[in-house]
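Secondary and tertiary structure notes
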Amino acid sequence: MTTARDIMKPGAQWISKQETVERASKLMAELGVGSLVIADENERMCGIVTDRDIVVKCIAQGKSPSGTRVEELCEATPRWVDADADIEVVLDEMESNRVKRMPVIENKRLVGMISEADLARHLDDNQLGEFVTAVYGRP
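Everything in this summary refers to the structure shown in the same document. (Residues numbered from 1 in each chain as written. Predicted model: local features only at pLDDT ≥ 70, side-chain atom pairs only at ≥ 80, totals over all residues. Heavy atoms only, no water.)

1. Comments concerning the sheet that holds strand 3 (residues 35-39)
The strand order across the open sheet formed by three strands is 2-3-4, and the pairing between neighbours is mixed. If you trace the sheet from one side to the other, it starts and ends with strand 2 (14-16) and strand 4 (45-50), each paired once. Averaged over all pairs of adjacent strands, the angle between their axes in this sheet comes to 35°, without regard to strand direction. Inspection of the sheet shows strand 2 paired to strand 3 by three bridges, in the parallel sense. Along strand 3, the bridge assignment pairs Ser 16 with Ala 39. Across the sheet, helix 2 (residues 21-31) touches strand 2, strand 3 and strand 4, and the angle it forms with strand 3 is around 130°. (Pairing = 2+ DSSP bridges. Helix = DSSP H or I, 4+ residues; strand = E, 2+ residues; numbered from the N terminus. Axes fitted to C-alpha atoms, helices over the stretch in contact; angles between N-to-C directions. Contact = heavy atoms within 4.5 Å.)

Following this line, the structure appears as structure tokens:
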């Protein structure tokens, strides 16, 4: 059985919801990632900010990255999967919620992130095709 732990990129990082978009973008660049989990003061996940969010919801809107908090870019509480979840559970969560990144949690702590690239490396062509159709193919 392939699990979330088997395909995730370990060591995912989170950033406080009070941090600026500028700080988030610098951290993404340092880590070489396209997203960060946003956490509240109790280190509970309250969102995800992506490089696309920064461009579309901040820069393109004429907002200042140094004056905009990352929490302002969040739309909803993110979905997540347990590290021991079967790959089919991961795919179902990602497909049904049309998300391209999925945080992986173990013992209430962020331990990794699953991205489209991780799926591409670990799924067969049929599974990958179904994912792409579910996430990108329907309105």
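2. Here we look at the pattern of salt bridges
This structure, assessed with the given rule, holds 11 salt bridges. In this structure, Arg 101 and Asp 51 form a salt bridge, with 3.9 Å as the shortest nitrogen-oxygen distance. With Arg 101 in strand 6 (residues 101-106) and Asp 51 in helix 3 (residues 51-59), the pair connects residues that are 50 residues apart, well separated along the chain. Taking the relative accessible area as the measure of exposure, Arg 101 reaches 27% and is therefore partly exposed. The shortest N-O distance in the salt bridge between Arg 121 and Asp 118 comes to 2.5 Å. With Arg 121 and Asp 118 both in helix 5 (residues 116-122), this residue pair falls three residues apart, about one helical turn. Its relative accessible area of 57% is what places Arg 121 among the exposed residues. Here the residues in one salt-bridge network are Arg 5, Asp 84 and Glu 106, joined through shared partners. (Salt bridge = Lys/Arg side-chain N within 4 Å of Asp/Glu carboxyl O. Buried < 20%, exposed > 50% of the residue type's maximum accessible area, 1.4 Å probe, protein only.)

3. Topic: the pairing of strand 6
Bridge count between strand 5 (residues 81-82) and strand 6: two bridges; the pairing is parallel. When the bridges of strand 6 are listed, Asp 82 appears paired with Ile 105. Of the strand pairs in this sheet, strand 6 and strand 7 (residues 109-115) are connected by six bridges, and their pairing is antiparallel. Paired with Pro 103 across the bridge in strand 7 is Met 113. Adjacent in sequence and paired antiparallel, strand 6 and strand 7 are bridged by two residues, among which Asn 107 carries a positive phi angle near 50°.

4. Topic: helix 3
Count 3.6 residues to each turn of an α-helix, and residues three or four apart come out pointing the same way. Turning to helix 3, its buried residues number three or more, namely Asp 53, Ile 54 and Cys 58. With its buried residues spanning 100° around the axis, helix 3 presents them on a single face. Of the surrounding secondary structure, the elements contacted by the buried residues of helix 3 are helix 2 and strand 4. (Arc of directions from axis to C-beta.)

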